[in-house]
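# Observations on chain architecture
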Amino acid sequence: MSPSFPSTAMPGLRRNRKIPVAAAVLFSLVALPAPVMAADPTDYVSESPLLRDTMSRTSEAGWGKSENGVPYSTSWLPALAVSGGTGKVVIPKAGSSRTIEAAITPVADTAASYSAAVSALPTSGGGIHSGLQVRHTAGSFYQGTIRLLPGGKAALDISRTNAGKTKTALGASFALPFTVKAKQQVNLEVQATGSSPVAIRARAWPAGTPVPGWQQQAVDNSGAKLTAAGTVRITTYVSGSSQPAAVEYDNLTADELKAGTAPVPPVPAPTPPAPPVPAPVPPVVPPEAPPVPVVPAGGRGKAGSAAVGSTSYPVPAGALFVAGNGSDSAAGTQNAPLRTIAAATSKAAAGTVIVVRGGSYHEQVTIPVNKRLTIQAYPKEAVWLEGSRVVDNFTAAGKVFVAANWTPQFDASSTYSWGKPGTEHGGSFVDPANPMASHPDQVWINDTAQKQVGSLAKVTTGMFYVDYAAKKLYLGTNPAGKTVRASALAKALSIRAENSVVKGIGIRRYAPSVPHMATVTVEKKGVSLENVAITDTSTTGLAVGNTDVTLTNITSTRNGLLGVTAVYADRLKVTKLDASSNNLERFKTAPVAGGMKIGRTRTVTIQQSNFRDNMATGLWLDESVYDATLASNDMVGNASHGVSAEISAKVQLVDNIIANNKNFGVKINNTSEVNIWNNTFSGNGRQINVVQDLRRASNQSTPGHDPRQAFPDKSMTWINGPVTIRNNIISGTTAAGNCMLCVEDYSREFTAEQLKVSAQGNVYHRTTTAAPTWGVIWSRGNANPHVYTSIAAFRDATGQEETHLELAGTSPVNTSTFAANSAVRDSAGTIAVPLPDSIAKLARQSGGARHLGAFTN
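## Looking at the overall build of the protein chain
- Looking only at helices and strands, one finds four helices and 61 strands in the protein chain.
- Counting only residues that meet the buried cut, the protein chain has 60% of its 857 residues in that class.
- Sequence-distant contacts in the protein chain: of pairs separated by 6 or more residues, those separated by 24 or more amount to 66%.
- Here the protein chain has roughly 29,900 Å² of accessible surface; of this, 53% comes from carbon and sulfur atoms.

## Observations regarding the side chain of T352
- With respect to the helices and strands, the residue T352 is situated in the loop between helix 1 (341-347) and strand 18 (353-356).
- Classification of T352 as buried rests on a relative accessible area of 14%.
- Of the polar contacts made by the side chain of T352, one reaches the backbone oxygen of A349; its length is 2.7 Å.
- The residues contacting T352, other than those within four sequence positions of it, are L320, R372, L373 and T374.

## Some words on the packing of aromatic side chains
- Under the definition given, this model contains seven aromatic pairs.
- Residues Y465 and Y474 carry aromatic rings whose centres are separated by 6.1 Å and whose planes lie at 25° to one another, so their mutual orientation is stacked. Comparing Y465 with Y474 shows no difference in burial state: the two are buried.
- These aromatic residues form a ring-pair network of at least three members: W63, Y72, Y114 and Y249.

## A look at the pattern of salt bridges
- A full pass over the atoms with the stated rule returns 27 salt bridges.
- A salt bridge links R708 to D570, with the nearest nitrogen and oxygen atoms 3.0 Å apart. Here the residue R708 occupies a position in the loop between strand 53 (686-692) and strand 54 (723-726), and D570 occupies one in the loop between strand 39 (562-567) and strand 40 (572-578), the gap between them amounting to 138 residues.
- Classification of D570 as buried rests on a relative accessible area of 10%.

## Quick word on the side chain of N727
- Mapped onto the elements, N727 comes out in the loop between strand 54 and strand 55 (729-731).
- Overall, the relative accessible area of 0% leaves N727 in the buried class.
- Ignoring any residue separated from it by four or fewer positions in sequence, one finds N727 in contact with W677, N678, N679, Q760, G761, N762, A832, V833, L835, H851, L852 and G853.

## Considering the pairing of strand 37 (residues 540-544)
- Burial of strand 37 is extensive: five of the five residues sit out of reach of the surface.
- Note that strand 35 (residues 520-522) and strand 37 share three bridges and pair parallel. Within the sheet, the bridge partner assigned to V522 lies in strand 37 and is V544.
- Sheet topology note: the strand 37/strand 39 ladder contains four bridges and is parallel. By the bridge assignment for strand 39, A543 is matched with T565.

## Describing the sheet that holds strand 31 (residues 484-487)
- Overall, antiparallel pairing links the four strands, which are arranged 23-31-26-27 in an open sheet. Either end of the sheet is taken by a strand with one partner, and the two such strands are strand 23 (388-390) and strand 27 (448-449).
- Two strands pair when backbone bridges link them, and strand 23 and strand 31 are joined in this way by three bridges, in the antiparallel orientation. Looking across to strand 31, one finds that V390 is bridged to R485.

## Considerations on the nonpolar core
- Counting 83 residues, the largest nonpolar core has L529, L542, L572 and M596 as its most contacted members.
- Ignoring anything within four residues of it in the chain, the contact list for L529 reads I495, V502, V522, L542, T550, L551, T552 and I554.
- Core analysis: the second largest hydrophobic core is formed by 50 residues, F174, V186, A218 and L226 among them.

## Considering helix 3 (residues 822-831)
- For helix 3, the complete set of buried residues consists of V824, S827, A828 and I831. The buried residues of helix 3 occupy an angular sector of 135° when projected down its axis, which confines them to one face. Exposed residues lying more than 90 degrees from the buried face of helix 3 are D826 and T830.
- Those residues of helix 3 that are buried lie in contact with strand 55, strand 58 (763-766) and strand 61 (805-808).
- A side-chain oxygen of the first residue of helix 3 lies 3.3 Å from the backbone nitrogen of A823; this N-cap is N821.

## Observations regarding the environment of L807
- Inspection of the secondary structure assignment puts L807 in strand 61.
- C-alpha separation for the pair L807 and V763, spaced 44 residues apart in sequence, amounts to 7.7 Å.
- The contact partners of L807, leaving out residues within four places of it in the chain, are V763, Y764, H765, R766, P812 and V824.

## A closer look at the sheet that holds strand 28 (residues 451-452)
- A sheet is described by the order of its strands in space; here five strands give the open sequence 24-25-30-29-28, paired in mixed fashion. Two strands lie at the open edges of the sheet, namely strand 24 (394-397) and strand 28, each paired on one side alone.
- Where strand 25 (residues 400-404) meets strand 30 (residues 472-475), four bridges bridge the pair, whose relative direction is antiparallel. Across the sheet, A404 pairs through a bridge with K472, a residue of strand 30.

## A word on the confidence of the model for the protein chain
- Averaged over the protein chain, the pLDDT score is 87; the fraction of residues at 70 or greater is 88%.
- Within the model, the stretch residues 422-426 combines pLDDT values under 50 with 14 contacts to residues more than four positions away or in other chains.

## A closer look at the pairing of strand 12 (residues 186-193)
- The element strand 12 is extensively covered by neighbouring structure, given that eight of its eight residues are classed as buried.
- Residue alternation in strand 12 divides its side chains into two sets, V186, L188, V190 and A192 and N187, E189, Q191 and T193, and both sets are buried.
- Pairing between strand 6 (residues 110-118) and strand 12: seven bridges, direction antiparallel. Across the sheet, A116 pairs through a bridge with V186, a residue of strand 12.

So, how was this worked out
- Residues numbered from 1 in each chain as written.
- Predicted model: local features only at pLDDT ≥ 70, side-chain atom pairs only at ≥ 80, totals over all residues.
- Heavy atoms only, no water.
- Helix = DSSP H or I, 4+ residues; strand = E, 2+ residues; numbered from the N terminus.
- Buried < 20%, exposed > 50% of the residue type's maximum accessible area, 1.4 Å probe, protein only.
- Contact = heavy atoms within 4.5 Å.
- Areas by Shrake-Rupley, 256 points an atom, 1.4 Å probe, with all protein chains shown as cover.
- Polar contact = N/O pair within 3.5 Å; in protein donor to acceptor, adjacent residues only side chain to side chain.
- Phe/Tyr/Trp six-rings, centres within 6.5 Å; stacked < 30°, edge-to-face > 60°.
- Salt bridge = Lys/Arg side-chain N within 4 Å of Asp/Glu carboxyl O.
- Pairing = 2+ DSSP bridges.
- Core = buried A, V, L, I, M, F, W, Y, C linked by side-chain atoms within 4.5 Å.
- Arc of directions from axis to C-beta.
- pLDDT = per-residue confidence, 0-100.

The following block contains the structure:
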């Protein structure tokens, strides 16, 4: 079963939920220019991310922990909550305030930012004040404040507070050059750097508009200046002459800054249309991991992303550039690139193409709401979003090795609801045999993944343990002379603007919790991803939560739970996806695990794709998926089923190789209008399993309905049939005593004929005349099903399979390429059913052609 997501989006995949509007305005504003400060001789760039939070969770009291594990604390728990994608602060009485602290590792040189929104503008009085504090310690801090007054005018202030008592304004108020509206998203950024003197800077701007220069700047060299390291706090205040208010916060960030004065070397311009010769811009961290493999698809070509660094997308005029040796205060040109992709998405106007130079970028990126962007790799340069960082401070501690000051912490919620194990689909997704599956921590030694254990006592060679309380990382393998990497970020990319494009990049080693949905989330319609590789994430690689999305040449492999998930993803088009070797953390094979799972989606096409060697089902359609076309794919070597269609309708399964899956090749479970044409089934447990159970779409209380559809949904009955089975090769069933074609009704209500199951023109192969013992199981409704030991007996009793081929002994297909042998090919003219035009089109063949099995040649 699929998770019961809300009617418009998955948890963590928010549709127009951002109501962040910042705050603030003066009682009487005077438009003053920003104060001028002496130029800071030092350029500060991000040293490490300390806080990343898109509020993709639910908390009824307080804000809980950020996505990268930073806890929030406040003395006003009833006033704070997280839901719907934002952190709420409710000020129930005028003249009062609420403050919440993000317990980041204390640092002195800090950049922090957030988005904020008010649900309604103040109608009188001094308005609403929203502040961001840095270097907070013992009640002392620097603060940037937006003040919002009646009518939507706003001002920006910066100040210093000492010991919670003395507040000093650092310059005059700056009248912001825009008017704030209710439910409008506004960003605030504050920086504090240096010690002699301290430089304080702040700016505010509406979301979706270019980032302005610093609007407030001050130099503090007084005796009361603050030089100590500190944390970050968010404060909200309502004037005593205004009304009670609610403010919603989102996209919280904090970074430790470092001084950097190296000039940015020029980068040559491209020479269209030929790919330009890139200037040598060295990566910040060279990609140590081996290239992501592209898995051959049963001899029929290749699926998955092009090798990272091999694409050559044209660089348009007006592009914004990012490079590892850039600066986030630069202009973003080729000669003066930005340092981070996040800075580029903030600076870019809607419609901008962001071109990223080769290197590793240890950051979390959001394409903001209503800002359509393209992010692409520079031609022939390898761009990686990197979720891990090198750990090199290990010391021996008895039989183990320990690194101190390891601060990343992740949420181990084991279902799609934050902190609510045991409430979805019968409980946790975690198999008791693998209790650490939902813990997102990941460690590699020389690119070899280590296994997480739950206590220090269990650490042996190849294992690791994280002690959150002591902030220590333990290894069982001696790291001397080796490179150790550990995941330090949860999410890589959140796409929240319609029609955005991402292409030519790699994403690896992030640590999303299960409720994050994935390390890459597509949250708006019309998004396109092409040649994107997502690997080695703790749970799911890619989640699609909106309509009209196109995925072309995507690799999502070696992920802890799922390669790809999609919900409410109508008109999803997938071509040459490689979703292989997933569920490496060994979650339960149900309700959610494997290569790809799709739920509550109408009209989806998946073609020329790979679902191999997943430790669960290869491809799973579940819970009211309507009109799915699965053509020319490979579902091979999965630990559960090759493909499963459950409580859904209208599925075309055409020209697929479905082989060596441990359980069923294909499972059709309570799914109507199914065509199974010209597939090759080889070496599966059961090959074709059509099964009915007690669930009916007419029962509104049964989970799995699409809440977007009026009840009853006339397109969904959750009763099998018709199921049309034509021209398939069914070879080498592995389960002794099992069947090659199996039709059963556990509700004991329908016969196979009543379910309209029909078979014609198929090839049936046994490894010996007695294995499997049964040829066909055929439902008789309220009686035990018929069991036919031969296809001839089945034909004579039912009138099915008037033309068929029944073989024993040597396999009729090549077990490497799955191509049929000459004897089978030569039989097609007399055995196979001519292809109807609609089926031929899906297989890219001519109507009327006669062929047995998949078109592998």
